[in-house]
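# What the coordinates show
Here are the chains, one letter per residue:
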Amino acid sequence: MILSELTRGRAEVVTLVNGGASPHTYEPRPSDARATSDALTLFYVSEGLDAWAAALPAQRKTALIQFVPKDLLLPGEAADAIEITDGAGHDHDHGEHDPHIWSDPQLVAAILPGITDTLIAADPPGAETYRMNATAFAAKLKVLDDTLAQELARVKGKPVILFHLSLQYFLHRYGLKVAAVVEPSPGKEATP
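Residues numbered from 1 in each chain as written. Predicted model: local features only at pLDDT ≥ 70, side-chain atom pairs only at ≥ 80, totals over all residues. Heavy atoms only, no water.

## A word on the overall build of the chain
Let me state the cut-off plainly: To qualify as a helix, a DSSP run of H or I must reach at least 4 residues; to qualify as a strand, a run of E must reach at least 2; elements of each kind are numbered from the N terminus. With a 1.4 Å probe rolled over the protein chains alone, any residue whose accessible area is under 20% of its type maximum counts as buried; one over 50% counts as exposed, and the rest are partly exposed. Whether two residues are in contact is decided by their heavy atoms: any pair within 4.5 Å suffices. Per-residue accessibility takes into account occlusion by the displayed protein chains alone, with areas from the Shrake-Rupley method and a 1.4 Å probe.
Scanning the chain for helices and strands turns up seven helices and four strands. Mapped in sequence order, the helices and strands of the chain form the string α-α-β-α-β-α-α-α-β-α-β. Residues counted as buried form 44% of the 192 residues belonging to the chain. Expressed as a percentage of contacts within the chain between residues at least 6 apart in sequence, the contacts between residues at least 24 apart total 57%. Counting every atom, the chain has about 10400 Å² of accessible surface; 55% of that belongs to carbon and sulfur.

Right under this line is the structure:
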């Protein structure tokens, strides 16, 4: 969605991992390799989440996590970043930082300049479109953040139960706590 907002009216975004699939366990197909070899830029989140993407034969590859200001990154191990009241945490490694950066509207807004600059470097004639789209998207993110902050203020500090701990940034931003994680390992089905 982030790239679609920035490229609106200028470029086509091809999604390799569709809804319902996990970037943690995704196995690229030969068609993915073909698609990325023709792409101007392959964007992926991080080596800790979708390292398989970094191995695809794209001309230019960009890890989105590099655009996150260092002081906004949370540790890759959940227990180090937010309190989990029952002691449950991840049993897989995301690397040094949690890669699930898209769940915090302010964090997404913070990475827009880096993504926009990357798009402009790959397609200089589209610079004006990318910049206008980034400005418009940043405004939408501000409205979303304000709405979420207002709506979630009533439940600040309350515990939540997650299927998988992928909302660390969201929870941190709006002051929620994790009570339990149903399935700490990505790509696995929960047991009864």
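## Observations concerning the pattern of salt bridges
Operational definition: Every case where a carboxyl oxygen of Asp or Glu lies within 4 Å of a side-chain nitrogen of Lys or Arg is listed as a salt bridge.
Scanning all chains against the criterion turns up six salt bridges. D104 is the salt-bridge partner of R173, the closest N and O atoms lying 2.9 Å from each other. Placement of the pair is R173 in helix 7 (residues 168–174) and D104 in the loop between helix 4 (78–81) and helix 5 (105–122), with a sequence separation of 69 residues. For D104, a relative accessible area of 3% translates into the label buried. When salt bridges with common partners are traced through the structure, they connect E5, R8 and K140 into a single cluster.

## What about the confidence of the model for the chain?
We count it as follows: A score between 0 and 100, pLDDT records how confident the predictor is in each residue.
Here the chain averages 84 in pLDDT, while 85% of its residues score no lower than 70. Within the model, the stretch residues 78–93 combines pLDDT values under 50 with 39 contacts to residues more than four positions away or in other chains.

## Some thoughts on the packing of helix 5 against helix 6 (residues 127–152)
Basically, it comes down to this: Simply put, an axis is a line fit to the C-alpha atoms, just over the touching stretch for a helix, and the angle between two N-to-C directions goes from 0 to 180 degrees. When an angle is under 35 degrees it counts as roughly parallel; over 145 it counts as roughly antiparallel; between 65 and 115 it counts as roughly perpendicular; any other value is oblique.
Following both chains from N to C, one finds helix 5 and helix 6 inclined at 175 degrees, their axes separated by 9 Å at the closest point. Classified by the angle between their axes, helix 5 and helix 6 sit roughly antiparallel to one another. Note on element contacts: helix 6 touches helix 5 through A127, Y130, R131, A134, F137, A138, L141, L144, D145 and L148, opposite P105, Q106, V108, A109, L112, T116, L119 and I120.

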